[in-house]
Amino acid sequence: MIETLANQIPLISNCREIIQIKKGASADGKYIINLENKKVLLRVFNHDEFNSKKMEYSILEKMQDYNVTCSQPISIGKVDNQGYIITTYIDGKDAEDELPLYTDQEQFNIGIEAGKELKKMHQYTAPNHVTSWYLRKMEKHKKYLDAYLTCEIKVKHDKKIMDFIEENIHLMKERPNIFQHDDFHVGNIIVNNKKFAGVIDFNRYDWGDPIHEFLKIGIFSRKVSIPFSIGQIKGYYNNIEPDEYFWRLYSLYLAMCVFSTVIWTIKTIPDNIDDMLDRVYMFLEDHDYFSKVKPKWYTF
């Protein structure tokens, strides 16, 4: 079927090979298209997603203005009842798989480059119609917390976590409203020859506080590579140590994430609840249930 679709798209109709990419959480069909002298990435999606995909495509165009190392958009269109996006293909492998094979210094260096790329993305300010980060985040948190309070699964010391949130939630007021990749972690970073090669998967983008991006370190990246995680923070802040304000906001967002993670997992992937709870308890232990705002693993 994909061969028939490819034949209807002029840019790739003469392709030599089509390879399906099966890894990743996205519902899109993803394919490496081998052309005569280069590879491109084809993503196929349901036609009713076309408007949201057009916005994602425009985000990739905007990233080029800031010289972000990511896939470059080539074409977007419709064929029959399907939409498609063609972008450049970033050669390499997932950092999630590769980093454990590298030295600590190599992992740290890739983290530095990742942090610099994230900083570039954060030059993009939210459109005027986007409401304040504080109001949007508060509304989401209240919804997740209410759902958590009525669900069967409970996290140890949840009252202590809720108290920490209440004491610090005012810090979100007046925070900037900028572009968020919103899924920035080792699973969405490509490495090649032990070097940073690019960032992928912009389909979950949002607008809000740049510090919110770092919570994916606590949930995902630090489990794979602590040197990378430290490097990302160092690279973002140009080797200047982040202050107490950063760590307090970082911890606030992780604390809020406890309840959203439980509810999202129950509703979306209930079979993964044990794995997700393990991740939650990992970062809760990192912070002694938020008695500490700086995680134990941040030792540099």
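See the structure printed just above.
Because the structure is predicted, anything quoted here is derived from the model rather than measured.

K.L.:
A description of the packing of helix H5 (residues 133-149) against helix H6 (residues 158-168) should follow, citing residues and the corresponding values.
P.N.:
It is the contact of H5 with H6, at a shortest axis distance of 13 Å, that shows an interaxial angle of 165 degrees. In this view, H5 runs roughly antiparallel relative to H6, as classed from their interaxial angle. Of the two elements, H5 crosses H6, and the hand of that crossing is left-handed. Where H5 abuts H6, its residues His 141, Leu 145, Tyr 148 and Leu 149 lie against Asp 158, Met 162 and Ile 165. Residues belonging to the contact of H5 with H6 are distributed by class as follows: five nonpolar, one polar and one charged.

K.L.:
How would you explain the packing of H5 against helix H9 (residues 244-268) if you had to name every residue and give the values?
P.N.:
Packing of H5 against H9 leaves a shortest axis separation of 8 Å and a crossing angle of 50 degrees. Judged on the interaxial angle alone, H9 and H5 are oblique. H9 is crossed by H5, and the crossing has left-handed handedness. Along its contact with H5, which presents Trp 133, Lys 137, His 141, Tyr 144, Leu 145, Ala 147 and Tyr 148, the element H9 presents Tyr 253, Met 256, Phe 259, Ser 260, Val 262 and Ile 263. In terms of residue class, the contact of H5 with H9 is made up of 10 nonpolar, two polar and one charged.

K.L.:
Give me the lowdown on the sheet that holds strand S9 (residues 195-199), citing residues and values where you can.
P.N.:
Pairing between the strands of a sheet comes from backbone hydrogen bonds, and it takes one of two forms, parallel or antiparallel. The antiparallel open sheet is built from three strands, whose spatial order is S6-S8-S9. Looking at strand neighbours, the two that pair on one side only are strand S6 (93-94) and S9, the edges of this open sheet. Bridge count for S6 against strand S8 (residues 189-192) is two bridges, and the pairing is antiparallel. Looking across to S8, one finds that Lys 93 is bridged to Val 191. Contacts from helix H4 (residues 104-121) reach S8 and S9 within the one sheet, and its direction differs from that of S9 by about 30 degrees.

K.L.:
Which residues make up the pairing of S9, and what are the values?
P.N.:
The buried fraction of S9 is high, at four of five residues. In this structure, S8 lies alongside S9, joined through four bridges in antiparallel fashion. In the strand pairing of S9, Ile 190 is matched with Gly 198. Hairpin connection of S8 to S9: two residues between the antiparallel strands, including Asn 193 at a positive phi of 50 degrees.

K.L.:
Explain the packing of aromatic side chains residue by residue, including any values.
P.N.:
All told, the structure shown has 21 aromatic pairs when counted by the stated rule. Ring centres 6.2 Å apart and planes at 80 degrees place the aromatic pair Tyr 205 and Trp 207 in the edge-to-face group. Residue Trp 207 is classed as buried on the basis of its relative accessible area of 8%. When the centroid spacing of 5.3 Å and the interplanar angle of 85 degrees are considered together, the rings of Phe 214 and Phe 246 count as edge-to-face. Highlighted residues: Phe 214 in the loop between strand S10 (206-208) and helix H7 (215-224) and Phe 246 in helix H9, separated in sequence by 32 residues.

K.L.:
Quick rundown of the state of the cysteines? Include the residues and the values.
P.N.:
Applying the stated criterion to the full structure yields zero disulfides. We note that Cys 257 lacks a disulfide partner, and the nearest cysteine sulfur, in Cys 151, lies 14 Å from it.

K.L.:
Report on unusual backbone geometry, specifying residues and quantitative values.
P.N.:
We note that Asp 182 has phi near 70 degrees; this positive angle belongs to a residue other than glycine. Mapped onto the fold, Asp 182 is located in the loop between strand S7 (178-180) and S8. Not every positive phi belongs to a glycine, and Lys 194 is a case in point at roughly 65 degrees. Looking at the element boundaries, Lys 194 is found in the loop between S8 and S9. The partly exposed category is assigned to Lys 194, whose relative accessible area is 41%.

How each quantity is defined
- Residues numbered from 1 in each chain as written.
- Predicted model: local features only at pLDDT ≥ 70, side-chain atom pairs only at ≥ 80, totals over all residues.
- Heavy atoms only, no water.
- Axes fitted to C-alpha atoms, helices over the stretch in contact; angles between N-to-C directions.
- Helix = DSSP H or I, 4+ residues; strand = E, 2+ residues; numbered from the N terminus.
- Parallel < 35°, antiparallel > 145°, perpendicular 65-115°, else oblique.
- Left-handed = near helix turned anticlockwise from the far one by under 90°.
- Contact = heavy atoms within 4.5 Å.
- Nonpolar A, V, L, I, M, F, W, Y, C, P; charged D, E, K, R; others polar.
- Pairing = 2+ DSSP bridges.
- Buried < 20%, exposed > 50% of the residue type's maximum accessible area, 1.4 Å probe, protein only.
- Phe/Tyr/Trp six-rings, centres within 6.5 Å; stacked < 30°, edge-to-face > 60°.
- Disulfide = S-S within 2.5 Å.

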